[in-house]
Structure formats: structure tokens, C-alpha cells
Amino acid sequence: MSRIAYVNGRYLPLRDASVNVEDRGYQFSDGVYEVCEVRGGKLIDERRHMERLRHSLGELRIAIPMEPQALSVVFHEVVRRNRIRWGIVYLQITRGVSRRDHAFPPAGTRPSVVVTARNMDFTAAEKLAGDGIAVITVPENRWERVDIKSVSLLPNVLAKQAAREQGAKEAWFVDKSGHVTEGSSSNAWIVTRDGKVITRQVDHGILKGITRTVVLEVMAQQGLKLEERAFTLEEAHAAREAFVTSASQIVMPVVRIDGRPVGNGAPGLIASALRRDFHQFAEQS
Ligand code: PMP
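Bear in mind the structure is a predicted one, so any value in this text is a computation, not a measurement. (Residues numbered from 1 in each chain as written. Predicted model: local features only at pLDDT ≥ 70, side-chain atom pairs only at ≥ 80, totals over all residues. Heavy atoms only, no water.)

## Focus on the packing of helix H2 (residues 46-60) against helix H3 (residues 68-81)
A packed helix pair is summarised by two numbers, namely the angle formed by the two axes and the spacing between the axes. Just so we agree on the cut-off: A fitted line through C-alpha atoms represents every axis, and for helices the fit uses only the stretch in contact; the resulting angles, taken between N-to-C directions, go from 0 to 180 degrees. Runs of E in the DSSP output that reach at least two residues are strands. Runs of H or I that reach at least four are helices, and both are numbered from the N terminus. Each angle gets one of four labels, with under 35 degrees taken as roughly parallel, over 145 as roughly antiparallel, 65 to 115 as roughly perpendicular, and the rest as oblique. Crossing handedness follows the turn of the near helix against the far one: under a right angle anticlockwise gives a left-handed crossing, and clockwise gives a right-handed one. A contact between two residues is defined here by any heavy atoms of the two lying within 4.5 Å. Lys, Arg, Asp and Glu make up the charged group, whereas Ala, Val, Leu, Ile, Met, Phe, Trp, Tyr, Cys and Pro make up the nonpolar group; the residues left over, Gly among them, are polar.
Between H2 and H3, the shortest axis-to-axis distance is 11 Å and the interhelical angle comes to 125°. The angle between H2 and H3 places the two elements in the oblique class. For the pair H2 and H3, the crossing hand works out as right-handed. Residues Glu46, Met50, Leu53 and Arg54 of H2 touch H3, and the partners they reach there are Pro68, Leu71, Ser72, Phe75 and His76. Split into classes, the residues belonging to the contact of H2 with H3 amount to five nonpolar, two polar and two charged.

Shown next, in the form of C-alpha cells:
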């Protein structure tokens with residue numbers, strides 16, 4: 001079965017799905033994106049992803065090309081046409097197609113909208129969560145507005161590649177003061193020796209992960225103690241547990257940081273319980 005993409009109003013086989021070379025996403029990374037988990041054919045936390053999309057578009061002054069209801073129809077149609085049971089749906093909106101010029105294109109230029117979806121390997125992901133992942137750390141070198149989910153991801157790309165080359169699955173950015181901000185495509189968490197869960201506060205310096213938001217609800221229900229603040233690399237090395245969160249990985253235990261084992265080197269109880277209960281708190285549509 002060939003995969004189907006939605007491109008500016010049309011559903012097309014992936015091989016025919018293309019954007020103009022003067023698309024500002026291609027020319028300038030002038031666009032935003034969202035990734036939603038699909039589970040049992042349903043979208044997870046679509047409403048919250050749409051809210052964050054609105055924030056990203058608003059901050060970059062890109063016009064909203066479709067109302068959330070219309071976009072929702074497209075999401076579900078792309079999921080259906082690709083027969084996604086468990087996987088992700090990806091949305092990208094750019095400032096549109098216009099003769100190359102750094103400044104905004106003429107008023108009325110229509111943003112480009114692309115939606116794709118793909119299945120993921122459920123068994124492989126569960127195995128990974130059972131084993132836990134290794135992370136490395138890299139210097140924070142991104143701009144100051146990473147709360148905007150922009151497709152401009154070069155530092156993230158280089159960080160993830162560095163992780164891969166060192167046999168790790170994720171890279172954590174560490175800022176000049178020695179504090180972990182977040183992962184290249186996930187939020188970062190630790191659990192201290194005395195059982196406090198710590199994740200960085202949200203401001204312009206991290207992406208406000210949708211999974212992060214839902215995990216905070218799961219934690220409250222489980223009666224866990226939370227500290228929303230930046231933690232240092234030293235604290236991470238001394239932690240009992242560590243984990244990352246993202247729409248595609250949910251809660252993924254971290255068992256090594258820069259080659260050093262976290263806690264006893266196995267996935268932690270808190271991370272595993274948060275992963276187990278996550279979908280009781282997430283919205284499905
Ligand atoms: N931070 C970054 C840099 C990310 O790319 C992602 C994944 N989109 C996240 C955090 C986690 O966000 P979410 O839980 O919404 O997937």
C-alpha cells in the first residue's frame with residue numbers, strides 16, 4: 001500500500017506529494033509543525049496540539065490557514081487512508097510560496113499545509129522502554145525561542161546525530177550555567193534520591209511538551225512530588241531515575257547519561273508507572 005500525504009488540499013501518493021522549491025519552509029525553515037501520537041487509530045491529545053500550533057503560528061505571525069475542525073478532518077483522513085493503528089501524524093505549515101526574499105511575502109500569500117502519517121513498531125518501542133535508553137549531553141546552542149515549534153531544527157539534528165554516533169538515542173542540551181534544558185526531540189526529567197520528580201519550568205527556553213503537560217496530571221493523581229525547575233548535569237548524574245517524554249515515545253526511561261548508569265542502570269519505577277498510566281489521562285479523538 002502506498003502512503004498518502006495531504007498537500008494543500010489534495011490527498012496524494014507520497015511519491016507525487018511535493019512542495020514548490022520557493023516554499024518558505026524549504027528556503028528559510030519558515031514554518032512550524034506538530035506531531036501527534038495515533039493509538040488504536042485515534043489521535044492523542046489533538047486539542048492540545050492544536051492549541052500549541054496556534055501559539056507557534058501566532059508568535060511567527062503566520063496566518064492560520066485552516067480552522068482546527070477542518071484540520072482535524074484532514075488528520076483523521078490521513079490516518080484512515082494510511083491505515084495507521086499505532087504511529088504518528090505529522091503536520092507542517094509554512095509561510096507559503098513566494099519569490100525568495102527574507103522579509104515576509106506579500107499579504108495574502110497562502111500558507112502551505114502538509115500532513116503525513118506513519119505506523120510505528122509497537123513491539124520495538126515496548127522493548128526499548130523495557131530496556132531504557134542512553135542519552136548524551138551537548139551544549140545548548142539553539143535560539144531563545146524554542147517554545148515555538150519551528151521546523152528550523154539544525155541544532156536538534158546535529159545533537160541527535162551525535163547521540164546516534166555514540167550509541168545513544170537522545171541528546172540533552174545543557175546551557176551555560178550547567179543546567180539541562182531539554183532533549184533534541186523530547187523533554188527531560190529526573191527523579192532525585194528522595195523521590196522528587198524534577199523537570200524544567202516552561203518559558204521560552206524549552207518546548208512545552210504536550211506529553212509533559214499530561215504527565216504532570218498523571219503525577220498529581222499518583223501523588224508524586226514535583227519540582228518544576230532546571231536541574232544540573234550533576235543532579236542528573238546523581239539521580240535515582242531519569243526519563244524523557246514526547247508524543248512518539250510517551251515516557252521513555254533513561255538508563256545512561258554520558259555513559260554513566262542512572263540509579264541502578266535499569267528503568268525506574270516512577271518512569272514505568274507514568275508510562276503505564278499515561279493514556280488514562282490523554283484525550284483521544
Ligand atoms: N522538546 C522538543 C525539542 C521536541 O522536539 C519535542 C517533541 N516534539 C518535545 C520537547 C516533546 O513535545 P511533545 O510531548 O509535545 O511531543
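Don't stop here, the text continues.
## Here we look at the nonpolar core
To keep it simple, the criterion reads: Only buried residues count toward a nonpolar core, which is a set of Ala, Val, Leu, Ile, Met, Phe, Trp, Tyr and Cys residues joined through side-chain atoms within 4.5 Å. Whether a residue is buried, partly exposed or exposed follows from its accessible area with a 1.4 Å probe, protein chains only, as a fraction of its type maximum: under 20%, in between, or over 50%, in that order.
Within the largest apolar cluster, 24 residues are counted, with the highest numbers of intra-cluster contacts made by Leu53, Leu71, Phe75, Val89, Leu91, Ile93 and Val115. Looking at this core, the element that brings in the most residues is H3, giving five residues. What Val89 contacts, discounting residues up to four positions off in sequence, is Glu34, Val35, Cys36, Val38, Leu43, Phe75, Val79, Val115, Thr116 and Ala117. Counting 19 residues, the second-largest nonpolar core is a separate cluster that includes Val135, Ala239, Met252 and Ile257.

## Notes on H2
We apply this condition: Here a helix's expected span is defined as the number of its residues, less one, multiplied by 1.5 Å.
Taking 1.5 Å as the rise per residue, H2 with 15 residues should run 21 Å; its terminal C-alpha atoms sit 21 Å apart, in good agreement. Of the residues flanking the end of H2, it is Arg61, one or two places downstream, whose phi is positive at about 55°.

## Regarding unusual backbone geometry
Of note, Asn8 is a non-glycine position whose phi angle comes to about 45°, a positive value. Mapped onto the elements of the fold, Asn8 is located in the loop between strand S1 (4-7) and strand S2 (10-13). In this structure Asn8 comes out as partly exposed when scored by relative accessible area, which is 41%. Within the chain, Asp258 stands out as a residue other than glycine whose phi angle is a positive 50°. With respect to the secondary-structure elements, Asp258 resides in the loop between strand S15 (250-257) and strand S16 (260-261). Classification of Asp258 by relative accessible area gives partly exposed; the value is 32%.

## Details of the packing of aromatic side chains
Applicable threshold: Two aromatic rings from Phe, Tyr or Trp, using only the six-membered ring of Trp, form a pair when their centres are within 6.5 Å; if the ring planes differ by under 30 degrees the pair is stacked, by over 60 it is edge-to-face, and anything between is tilted. Two conditions define a charge sitting above a ring: the NZ of Lys or the CZ of Arg must be within 6 Å of the ring centre, and it must be within 35 degrees of the ring normal.
This structure, assessed with the given rule, holds five aromatic pairs. A centroid spacing of 5.9 Å and a plane angle of 65° characterise the contact between Trp172 and Phe231, whose relative ring orientation is edge-to-face. With Trp172 in strand S8 (residues 170-174) and Phe231 in strand S13 (residues 231-232), this pair connects stretches of sequence that are 59 residues apart. For Arg81, the ring lying beneath its charged end belongs to Tyr11, and the centroid distance is 4.2 Å. Directly above the aromatic system of Phe104 lies the positively charged group of Arg95, at a separation of 3.7 Å from the ring centroid.

## Observations concerning the site of the ligand
Our working definition: The nearness test applies per residue and asks whether one of its heavy atoms lies within 4 Å of the molecule or strand. Here a polar contact means two N or O atoms within 3.5 Å. Within protein one must be a hydrogen donor candidate and the other an acceptor candidate, and residues neighboring in sequence count only if both atoms are side-chain atoms. Residue burial considers only the protein chains on display, and all accessible areas are found by Shrake-Rupley using a 1.4 Å probe.
Among the 18 residues in the neighbourhood of the ligand, the closest are listed as Arg52, Lys149, Glu182, Ile210 and Thr211. Backbone polar atom of Ile210 to an oxygen atom of the ligand: 2.8 Å apart, as the coordinates give it. One of the side-chain nitrogen or oxygen atoms of Thr211 is found 2.6 Å away from an oxygen atom of the ligand. Starting from 390 Å² of accessible surface for the ligand in isolation, the protein chains cover 94%. Within the residue set of the shell around the ligand, elements represented by two or more residues are H2, strand S9 (179-183), helix H6 (210-222) and strand S14 (241-246). For the shell around the ligand, the per-class residue count stands at four nonpolar, eleven polar and three charged.

## Some points on empty space enclosed by the protein
Heads up, the rule is: Cavities and pockets are defined on a 1 Å grid built over the protein atoms alone: a cavity is a set of grid points where a 1.4 Å probe fits but cannot escape, while a pocket is an open set with protein on both sides within 12 Å along at least five of seven lines, and lining residues are those with an atom within 4 Å of any such point. Grid points are joined across faces, edges and corners, and a volume is the space filled by probe spheres set on the points.
As enumerated under the stated definition, the model contains one cavity of 30 Å³ or more in all. Here the largest cavity is characterised by a volume of approximately 50 Å³. Taken together, the residues of the lining of the largest cavity break down into five nonpolar, two polar and two charged.

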